[in-house]
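An overview of the molecular structure
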Amino acid sequence: MRTKIVAGNWKMNNDLDASKKLVKKVAKKVKGKKLKNTRVIVAPTFVSLERVSKKASGTPVEVAAQNMHFEKSGAFTGEISADMLKSVGVEIVILGHSERREYFGETDALLAKKVDTALANKMEVIFCFGEVLEDRKSDKHFDVVESQIKNGLFHLEAKAWKNIVLAYEPVWAIGTGETASPEQAQEMHAFIRKIVADKYSAELADDVTILYGGSCKPGNAKEIFSKKDVDGGLIGGAALNADDFEAIIDAI
Ligand code: 13P
């Protein structure tokens, strides 16, 4: 059975104090739940990773980084390596978020390198992709998503996929209050599973967790998560509030 995941991407929000408080609240809420086959992950900023990771240890909450550099070390001012993340207990990294692609010029080729580095370091990757509004309006969304996945991940051997989680985040739905309809999410997730099956195998595709992200809220999570190829969510804004995040976890 595929693992389900609810992951909170805190983006550039919460200082150290706020991050500690939020993870504590989330851990307390999650502790009391009988989570069957479901993981809960939070991704704070780099400065809070160590403390959040300490607070989360011994609880069901896992901690991810929001980004990572592909080199081991060296003259890369402002960057963070896989070793550094692992040294503070972080073994999951979000790569390819649309905000990284859009504001920081991250390309498919760069992301493929980051994916390789993460996997070589035995880290797990939450790999994000998704089309912008113009792509969808001009009916290019399937092509765009296919090329992002192909360029970022299809160089991998099948066995590497056990450490890959996919996150479909239509850019037009991120932070806009506008979500993909459950049918649009399902349609895209089924398409993603099909291209992975065509490239690798039906078994591999069936095992891959595919998250939906983009204005996922307590009010719409249940309907989106009810779709058969949607295995959870990558949550932005609603993950900053412990009650809302809990409601989304409950929706799964
Ligand atoms: P919102 O839930 O705020 O739309 O953000 C989604 C997202 O980008 C998660 O990575």
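Provided above is the structure to which this section pertains.
Each helix and strand counted, the protein chain has 11 helices and eight strands in total. For 252 residues, the compact-globule estimate of 2.2 N^0.38 gives 18 Å, and the C-alpha radius of gyration of the protein chain, at 17 Å, lies within 12% of that figure. In the protein chain, which comprises 252 residues, the share counted as buried stands at 53%. In the protein chain, once contacts between residues fewer than 6 apart in sequence are set aside, the share between residues at least 24 apart is 71%. Carbon and sulfur atoms form 51% of the exposed surface of the protein chain, whose accessible area is close to 11,700 Å². Positive and negative side-chain charges in the protein chain, numbering 37 and 36 respectively, have mean positions lying 7 Å apart.

Turning to helix H8 (residues 182-199), a few remarks are in order. In this model, H8 (18 residues) spans 26 Å end to end at C-alpha, consistent with the 26 Å of a helix rising 1.5 Å per residue. Every buried residue of H8 is listed here: Pro182, Ala185, Gln186, Met188, His189, Phe191, Ile192, Arg193, Ile195 and Val196.

A few words now on the layout of surface pockets. Considering only enclosed or pocket space, the largest pocket measures out at about 490 Å³ in volume. Met12, Gln66, Glu99, Arg100 and Phe104 are the residues nearest the centre of the largest pocket, which is lined by 20 residues in total. The leading source of residues in the lining of the largest pocket is helix H4 (residues 98-103), at five residues.

It is worth spelling out the environment of Leu49 at this point. Inspection of the secondary structure puts Leu49 in helix H2 (residues 46-56). The exposure class of Leu49 is buried, given its relative accessible area of 2%. Along the chain, Leu49 and Leu16 lie 33 residues apart, while their C-alpha atoms are 8.8 Å from each other.

Neither face of strand E7 (residues 210-213) is open: one carries Ile210 and Tyr212, the other Leu211 and Gly213, and all of them are buried. Sheet topology places strand E6 (residues 164-168) next to E7; three bridges connect them, and they run parallel. Along E7, the bridge assignment pairs Leu166 with Ile210. In this structure, E7 lies alongside strand E8 (residues 232-235), joined through two bridges in parallel fashion. Its bridge partner being in E8, Tyr212 is matched across the sheet by Gly233. Once you follow E7 into helix H10 (residues 218-225) and on to E8, the crossover reads as right-handed.

Quick look at the site of the ligand now. In the neighbourhood of the ligand, 13 residues make up the surrounding shell, with Lys11, His97, Gly175, Ser215 and Gly237 lying closest. Note that an oxygen atom of the ligand is positioned 2.6 Å from one of the backbone N or O atoms of Gly175. Here an oxygen atom of the ligand and a backbone polar atom of Gly237 are 2.8 Å apart. Coverage of the ligand by the protein chains reaches 97% of its 300 Å² of free accessible surface. For the shell around the ligand, the class distribution of residues is four nonpolar, seven polar and two charged.

Right, let's get into empty space enclosed by the protein. A water-sized probe rolled over the atoms picks out the places where empty space is left. Scanning all chains against the criterion turns up one cavity of 30 Å³ or more. Estimated volume of the largest cavity: approximately 40 Å³. Taken together, Val26, Lys29, Val30, Lys33, Ala242, Phe245, Glu246 and Ile249 form the lining of the largest cavity. Going through the elements one at a time, helix H1 (16-31) and helix H11 (242-251) are the ones with two or more residues in the lining of the largest cavity. In terms of residues, the lining of the largest cavity owes the most to one element, H11, which gives four residues.

With that settled, the discussion passes to the nonpolar core. Trp161, Leu166 and Ile192 are the most contacted members of the largest nonpolar core, which totals 66 residues. With six residues, H8 is the largest single contributor of residues to this core. With residues near it in sequence (within four places) discarded, Leu166 still touches Phe127, Phe129, Leu153, Trp161, Ile192, Val196, Val208, Thr209, Ile210 and Leu211. Ile41, Ile92, Ala167 and Leu234 belong to the second-largest nonpolar core, a separate cluster that totals 13 residues.

Conventions used here
- Residues numbered from 1 in each chain as written.
- Predicted model: local features only at pLDDT ≥ 70, side-chain atom pairs only at ≥ 80, totals over all residues.
- Heavy atoms only, no water.
- Helix = DSSP H or I, 4+ residues; strand = E, 2+ residues; numbered from the N terminus.
- Rg over C-alpha atoms; globule rule 2.2 N^0.38 Å.
- Buried < 20%, exposed > 50% of the residue type's maximum accessible area, 1.4 Å probe, protein only.
- Contact = heavy atoms within 4.5 Å.
- Areas by Shrake-Rupley, 256 points an atom, 1.4 Å probe, with all protein chains shown as cover.
- Lys, Arg positive; Asp, Glu negative; His and termini not counted.
- Charge placed at Lys NZ, Arg CZ, Asp CG, Glu CD.
- Expected span 1.5 Å × (residues − 1).
- 1 Å grid on protein atoms, 1.4 Å probe; cavity = no way out; pocket = protein on both sides within 12 Å on 5 of 7 lines; lining within 4 Å.
- Points joined across faces, edges and corners; volume = space filled by probe spheres on them.
- Pairing = 2+ DSSP bridges.
- Right-handed = clockwise from strand over helix to strand, strands pointing away.
- Near = heavy atom within 4 Å.
- Polar contact = N/O pair within 3.5 Å; in protein donor to acceptor, adjacent residues only side chain to side chain.
- Nonpolar A, V, L, I, M, F, W, Y, C, P; charged D, E, K, R; others polar.
- Core = buried A, V, L, I, M, F, W, Y, C linked by side-chain atoms within 4.5 Å.

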